[in-house]
Amino acid sequence: MTIVLNQRRREATVSGIGGTDIQGEALLKEALLSIMQPKTITAGEILYYEGDDVEAIYYVKSGRIKMTKMSEDGKQIILSFMHAGDLLGEFGGVDGEVYGQGAEVVESGVVGVIMMNDLEKLLSENGNIALEFIRWMGTMQRITQLKLRDLLMNGKAGALASMLVRASNSYGKATPEGILVMKKLNHADLAEMIGATRENVTKTLSGWKDQGIIEVTQGKILIRELKELHEICGCPSNHACSSKICRL
């Protein structure tokens, strides 16, 4: 499960829960904070592996965590990066569940550990919180579906274009020349995100530079023609996805 707790606007809504969406979000966050235990995390640490038994979910207080999945040919694919305010783990309400993704710390920080039995007790005792939690699960499903669409439907170039669009939403800064992605993303990282080789990524980015779609400035990617990337990755014509959904 991947849930964004600092989100102020959501695609899926459930009316009449805890007042406004923001009030419902605050209610859920307060409830989760009351049952979590802080844990210091260090870069390189594995929170859990794909396939491990689910024992807890994690609320990111600080630091950065990458969510990964292994492809059938043994390649690791980065599905997303989790930051302060994000919740990660799995919750299906059944015994014997395993993590569908791996979680590795890339920047040291602190997480709140929420044990499954405490979460189940909380949700069973408070209908408002349980329904707000379901809302967040719906958001998670939308994020996952769109990322899988990007990875599978438009080839490696389309998947790479999607990653740059997502990076612009997560780390972009508007400039007169275009959108500057403030987080440095090297070719190896981008290759892991789309299940491609580093050489393939380098060749594709070089072609886009020649076409004036992107530029590289001091190791950071400047997107000059965002519309072109939208077309390459097959974004809907109205670009209706919220930046809280379309994110790294």
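- By the naming in an unreviewed UniProt entry, the chain goes by Crp/Fnr family transcriptional regulator and is assigned to Paenibacillus urinalis.

**Considerations on the overall build of the chain**
Right, on to step 1. The helix and strand tally for the chain stands at seven helices and 11 strands.
Right, on to step 2. Across the 248 residues of the chain, 44% fall into the buried class.
Right, on to step 3. Long-range contacts, defined here as pairs at least 24 residues apart, represent 72% of the contacts in the chain between residues at least 6 apart.
Right, on to step 4. Here the chain displays about 12,100 Å² of accessible surface, and carbon together with sulfur accounts for 51% of that area.

**Quick notes on the confidence of the model for the chain**
Right, on to step 1. With 88% of its residues at a pLDDT of 70 or more, the chain has an overall mean of 84.
Right, on to step 2. Of all the helices and strands in the chain, strand E1 (residues 2–4) carries the lowest mean pLDDT, 42, while strand E2 (residues 37–41) carries the highest, 97.
Right, on to step 3. A low-confidence stretch, residues 1–20 (pLDDT under 50), is modelled with 70 contacts involving residues beyond four sequence positions or located in other chains.

**A look at the packing of aromatic side chains**
Given two aromatic rings, their pairing is described by the distance between the two centres and the angle made by the two planes.
Right, on to step 1. On inspection of all chains with the given rule, the structure shows two aromatic pairs.
Right, on to step 2. Ring centres 5.9 Å apart and planes at 25 degrees place the aromatic pair tyrosine 48 and tyrosine 58 in the stacked group. With tyrosine 48 in strand E3 (residues 46–48) and tyrosine 58 in strand E4 (residues 56–70), the pair connects residues that are 10 residues apart, well separated along the chain.
Right, on to step 3. According to the relative accessible area criterion, tyrosine 58 is buried, its value standing at 11%.
Right, on to step 4. Seen from their ring centres, tyrosine 48 and tyrosine 99 are 3.6 Å apart, and the 15 degrees between their planes marks the pair as stacked. Here the residue tyrosine 48 occupies a position in strand E3, and tyrosine 99 occupies one in the loop between strand E6 (86–88) and strand E7 (102–115), the gap between them amounting to 51 residues.
Right, on to step 5. The class for tyrosine 99 is buried, based on a relative accessible area of 3%.
Right, on to step 6. A network of ring pairs unites the aromatic residues Tyr48, Tyr58 and Tyr99 as a single cluster.

**Description of the environment of glutamate 50**
Right, on to step 1. Inspection of the secondary structure puts glutamate 50 in the loop between E3 and E4.
Right, on to step 2. As for glutamate 50 and alanine 103, which are separated by 53 residues in sequence, their C-alpha atoms are 7.9 Å apart.
Right, on to step 3. Ignoring sequence-local partners within four residues, the contact set of glutamate 50 consists of Thr68, Lys69, Met70, Tyr99, Gly100, Gln101 and Gly102.
Right, on to step 4. Within the local environment of glutamate 50, its side chain forms a polar contact with the side chain of lysine 69, the two groups lying 3.1 Å apart.
Right, on to step 5. Within the local environment of glutamate 50, its side chain forms a polar contact with the backbone nitrogen of methionine 70, the two atoms lying 3.0 Å apart.

**Details of unusual backbone geometry**
Right, on to step 1. In this structure, glutamine 218 takes a positive phi of about 50 degrees despite not being glycine.
Right, on to step 2. Among the residues examined, glutamine 218 registers a relative accessible area of 73% and is labelled exposed.

**Quick notes on the layout of surface pockets**
Empty space among the atoms becomes visible once a probe the size of a water molecule is rolled across them.
Right, on to step 1. Counted as a void, the largest pocket has a volume near 380 Å³.
Right, on to step 2. Around the largest pocket, the lining is made up of 18 residues, and of these Lys69, Ile77, Leu79, Leu148 and Leu151 lie nearest the centre.
Right, on to step 3. Broken down by secondary-structure element, the contributors of at least two residues to the lining of the largest pocket are strand E5 (76–82) and helix H3 (127–153).
Right, on to step 4. Ranked by residue count, the leading element in the lining of the largest pocket is H3, at six residues.
Right, on to step 5. When grouped by side-chain class, the residues that make up the lining of the largest pocket number seven nonpolar, six polar and five charged.

Conventions we followed
Residues numbered from 1 in each chain as written. Predicted model: local features only at pLDDT ≥ 70, side-chain atom pairs only at ≥ 80, totals over all residues. Heavy atoms only, no water. Helix = DSSP H or I, 4+ residues; strand = E, 2+ residues; numbered from the N terminus. Buried < 20%, exposed > 50% of the residue type's maximum accessible area, 1.4 Å probe, protein only. Contact = heavy atoms within 4.5 Å. Areas by Shrake-Rupley, 256 points an atom, 1.4 Å probe, with all protein chains shown as cover. pLDDT = per-residue confidence, 0-100. Phe/Tyr/Trp six-rings, centres within 6.5 Å; stacked < 30°, edge-to-face > 60°. Polar contact = N/O pair within 3.5 Å; in protein donor to acceptor, adjacent residues only side chain to side chain. 1 Å grid on protein atoms, 1.4 Å probe; cavity = no way out; pocket = protein on both sides within 12 Å on 5 of 7 lines; lining within 4 Å. Points joined across faces, edges and corners; volume = space filled by probe spheres on them. Nonpolar A, V, L, I, M, F, W, Y, C, P; charged D, E, K, R; others polar.

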